[in-house]
Amino acid sequence: SKTANGYVKLPGGLIIQWCTGTGQRTETAQTVTFPLTFPTACLFTHVGIKIDTYSVVGDGCFYRVGDPTTSTQVVGLNWSGGAPATNVYPLVIAVGY
């Protein structure tokens, strides 16, 4: 699929997914749901950051993550400097089968 939240199934059964979580400005956790539940296992996730408007205050933002399930990834927003001035969104890439 060629959408903001989607997936592709590769020959051999590997699935790559991408999705965006909810925007936030506080150091709290959220559960990001994959567009498709992996039939067997999620092997790997990578979480990036999207900020509504570039700001120096948002430069120190990062997400901590736990182990993914076949359908979700829990992410927690943290920052090393001050709180972000605009919404911060987790961008998740997941690989599984």
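Above: the structure in question.
Rules used throughout
Residues numbered from 1 in each chain as written. Predicted model: local features only at pLDDT ≥ 70, side-chain atom pairs only at ≥ 80, totals over all residues. Heavy atoms only, no water. Helix = DSSP H or I, 4+ residues; strand = E, 2+ residues; numbered from the N terminus. Buried < 20%, exposed > 50% of the residue type's maximum accessible area, 1.4 Å probe, protein only. Contact = heavy atoms within 4.5 Å. Areas by Shrake-Rupley, 256 points an atom, 1.4 Å probe, with all protein chains shown as cover. Lys, Arg positive; Asp, Glu negative; His and termini not counted. Charge placed at Lys NZ, Arg CZ, Asp CG, Glu CD. Core = buried A, V, L, I, M, F, W, Y, C linked by side-chain atoms within 4.5 Å. Phe/Tyr/Trp six-rings, centres within 6.5 Å; stacked < 30°, edge-to-face > 60°. Lys NZ or Arg CZ within 6 Å of the ring centre and 35° of its normal.

J.: Please explain the overall build of the protein chain as it appears in this structure.
T.: Scanning the protein chain from terminus to terminus reveals zero helices and seven strands. Traced from its N-terminal end to its C-terminal end, the protein chain shows the element sequence β-β-β-β-β-β-β. A principal-axis box enclosing the C-alpha atoms of the protein chain has dimensions of 45 × 25 × 15 Å. Looking at the protein chain as a whole, 37% of its 97 residues qualify as buried. A separation of at least 24 residues holds for 66% of the contacts in the protein chain among residues at least 6 apart in sequence. In the form shown here, the protein chain has an accessible surface area of approximately 5,400 Å², with 59% of it arising from carbon and sulfur atoms. Taking the average location of the 5 positive side-chain charges in the protein chain and that of its 4 negative ones, the two points are 13 Å from each other.

J.: I keep staring at the nonpolar core and nothing clicks. Help me out?
T.: Burial of nonpolar side chains together is a common tendency in soluble globular proteins. F34, F38, Y63, L77 and V92 are the most contacted members of the largest nonpolar core, which totals 15 residues. Listed by contribution, the elements that provide at least two residues to this core are β2 (15–20), β4 (42–51), β5 (61–65), β6 (72–79) and β7 (88–96). Once residues within four sequence positions are removed from consideration, F34 is found in contact with Q17, C19, C42, T45, P68, T69, T70, S71, T72, Q73, V92 and A94.

J.: When you look at the packing of aromatic side chains in this model, what are you seeing that I'm missing?
T.: Each aromatic ring pair is characterised by the separation of its centres together with the angle its planes make. Under the criterion given, the structure shown has one aromatic pair. Judged by centre distance (5.6 Å) and plane angle (70°), the ring pair of F34 and F38 falls under edge-to-face. Seen from the ring of Y89, K50 lies directly overhead, with NZ or CZ sitting 4.5 Å from the centre.

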